[in-house]
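# Examining the three-dimensional arrangement
Each chain is listed here by its residues.
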Amino acid sequence: PLAMICALPVVFYAPFLTEPFFRDEGSYAAVAQWILDGHVPYENAFDNKPPMVYAYYAASFLLFGENVVAPRLFVALLLSGATALMYVEGRMLYSHRGGLVAAFFFAMSFGLGSVQTSANTEFFMIPAAMASLVAFTAARRNRQPGWYAAAGLFSGVAMATKPISLFIFLLYVLVLVADRLHGALDQRRGLARNLAFLSGGLAIAGAAVVAPFALTGTLPDLYEATVVYALVYIGDIPLSDK
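Scope of this entry: the structure provided in the associated data block.

This paragraph deals with the overall build of the protein. In terms of regular secondary structure, the protein is built from 11 helices and 0 strands. The order of α-helices and β-strands along the protein, N terminus first, is α-α-α-α-α-α-α-α-α-α-α. The globule rule puts the C-alpha radius of gyration for 242 residues at 18 Å, and the 19 Å found for the protein is close to it. Dimensions along the principal axes, computed over C-alpha positions, put the protein at roughly 55 × 45 × 40 Å. The burial tally for the protein puts 40% of its 242 residues in the buried class. Considering only residue pairs separated by 6 or more positions, the protein has 70% of its internal contacts joining residues 24 or more positions apart. Carbon and sulfur atoms form 68% of the exposed surface of the protein, whose accessible area is close to 12,800 Å². Of the side chains in the protein, 14 bear a positive and 15 a negative charge, and the two mean positions are spaced by 20 Å.

The subject of this paragraph is unusual backbone geometry. The backbone of Y42 sits at a positive phi, close to 75°, despite the residue not being glycine. Of note, Y42 is situated in the loop between helix 3 (23-36) and helix 4 (52-64). Although it is not a glycine, R143 sits at a positive phi angle of roughly 60°.

What follows covers helix 4. For an α-helix, the turn length of 3.6 residues means that residues three or four places apart are oriented alike. With 13 residues, helix 4 extends 18 Å between its outermost C-alpha atoms, agreeing within 8% with the 18 Å of an ideal straight helix rising 1.5 Å per residue. Looking at helix 4, one finds that the buried residues are M52, V53, Y54, Y56, Y57, A58, S60 and F61. Buried positions along helix 4 lie against helix 3, helix 5 (69-93), helix 7 (121-142) and helix 8 (145-159). Backbone geometry just downstream of helix 4 places G65 in the positive-phi region, at approximately 90°.

Closest axis-to-axis distance for the helix 5/helix 6 (residues 96-108) pair is 7 Å, and the angle between their directions is 145°. Note on packing geometry: the crossing formed by helix 5 with helix 6 is right-handed. Where helix 5 approaches helix 6, its residues A82, T83, M86, Y87, G90 and R91 are matched on the opposing element by H96, G98, G99, L100, A102, A103, F106 and A107. For the contact of helix 5 with helix 6, a count of residues per class yields 8 nonpolar, 5 polar and 1 charged.

Glancing now at the nonpolar core. Most often, soluble globular proteins have nonpolar side chains that are buried together. Counting 36 residues, the largest nonpolar core has Y57 and F124 as the members making the most contacts within it. Within the residue set of this core, elements represented by two or more residues are helix 3, helix 4, helix 5, helix 7, helix 10 (188-215) and helix 11 (219-235). By residue number, the principal contributor to this core is helix 5, which donates 8 residues. For F124, the contacting residues outside a window of four places in its chain are V53, Y56, Y57, P71, F74, V75, L78, A119 and T161. Membership of the second largest hydrophobic core comes to 12 residues, among which are A135, A151, Y172 and L198.

Counted by the stated rule, this structure contains 5 salt bridges. With a closest N to O distance of 3.3 Å, R23 and D24 form a salt bridge. Under the relative-accessibility criterion, R23 is labelled exposed at 68%. Classification of D24 as partly exposed rests on a relative accessible area of 21%. Here E122 ties to K162 by a salt bridge, and the two come within 3.2 Å at their closest N and O atoms. With a gap of 40 residues between them, E122 in helix 7 and K162 in the loop between helix 8 and helix 9 (166-181) connect regions that are remote in the sequence. Residue classification places E122 among the partly exposed residues on the basis of a relative accessible area of 35%. Each of R23, D24 and K49 takes part in salt bridges that share partners, so that together they form one network.

Looking now at the side chain of T83. Along the chain, the position of T83 falls in helix 5. Residue classification places T83 among the buried residues on the basis of a relative accessible area of 0%. For T83, the side chain forms a polar contact with the main-chain oxygen of L79, separated by 2.8 Å. The residues touching T83, leaving out its near neighbours within four places in the chain, are I5, C6, P9, A103, F106, A107 and F110.

On to the packing of helix 5 against helix 7, then. For the pair helix 5 and helix 7, interaxial distance at closest approach is 8 Å and the crossing angle is 20°. With respect to helix 7, the element helix 5 is oriented roughly parallel. Here helix 5 and helix 7 pass one another in a crossing that is left-handed. Together, P71, F74, V75, L78, L79, A82, L85, M86, V88, E89, M92 and L93 of helix 5 and F123, F124, I126, P127, M130, A131, L133, V134, T137, A138 and R141 of helix 7 make up the contact between the two elements.

Thresholds applied
Residues numbered from 1 in each chain as written. Predicted model: local features only at pLDDT ≥ 70, side-chain atom pairs only at ≥ 80, totals over all residues. Heavy atoms only, no water. Helix = DSSP H or I, 4+ residues; strand = E, 2+ residues; numbered from the N terminus. Rg over C-alpha atoms; globule rule 2.2 N^0.38 Å. Buried < 20%, exposed > 50% of the residue type's maximum accessible area, 1.4 Å probe, protein only. Contact = heavy atoms within 4.5 Å. Areas by Shrake-Rupley, 256 points an atom, 1.4 Å probe, with all protein chains shown as cover. Lys, Arg positive; Asp, Glu negative; His and termini not counted. Charge placed at Lys NZ, Arg CZ, Asp CG, Glu CD. Expected span 1.5 Å × (residues − 1). Axes fitted to C-alpha atoms, helices over the stretch in contact; angles between N-to-C directions. Left-handed = near helix turned anticlockwise from the far one by under 90°. Nonpolar A, V, L, I, M, F, W, Y, C, P; charged D, E, K, R; others polar. Core = buried A, V, L, I, M, F, W, Y, C linked by side-chain atoms within 4.5 Å. Salt bridge = Lys/Arg side-chain N within 4 Å of Asp/Glu carboxyl O. Polar contact = N/O pair within 3.5 Å; in protein donor to acceptor, adjacent residues only side chain to side chain. Parallel < 35°, antiparallel > 145°, perpendicular 65-115°, else oblique.

Now the structure itself:
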């Protein structure tokens, strides 16, 4: 049953794999092709999205060829993996049956969200975010700080794909603080230790993402595109639309 449930994202994507790229997909694909040709994102090909989405597209082209099917198939497989992680999360919180139910509704959501399929940043963000949730839950159950580091690491990968996942990381921090306030942690150093591991994992992910740009001297280009231009872009949106 779990294998069939995990296959649902691929099944839902299958009829649309060969559809032409949507606007954002075309931008990601173009930047990914530049990367595979040896160029640096933001310096040679401008876009304002975080760097991980281009890495996913480039990886899909290496695995499945440079075509419209590659990123859709790649993200569908990643979402199948995320569905398996949802089963793990449900099993940790409830039971084997609870995990199957959670995984089923999670997988079904990819067929109900919209009438179009899109290998966009939101979909690539989900597997890393799901991995961070599983790691965070495991840390709270097992009281092993290494799992907090893993939660921070995967949160960093999610943020480098879609910045809005920052709120997931902040939620983890609030949960740890709530543990301390409600007596789940006996000593303050327990809270400090867990926050340090959580933040440390995030820092490792951030360093790994930034390192290629630091080595190629293109950090200013990265900052200009993903911070300065992104803020200008958001600022042009009316408050009512936000």
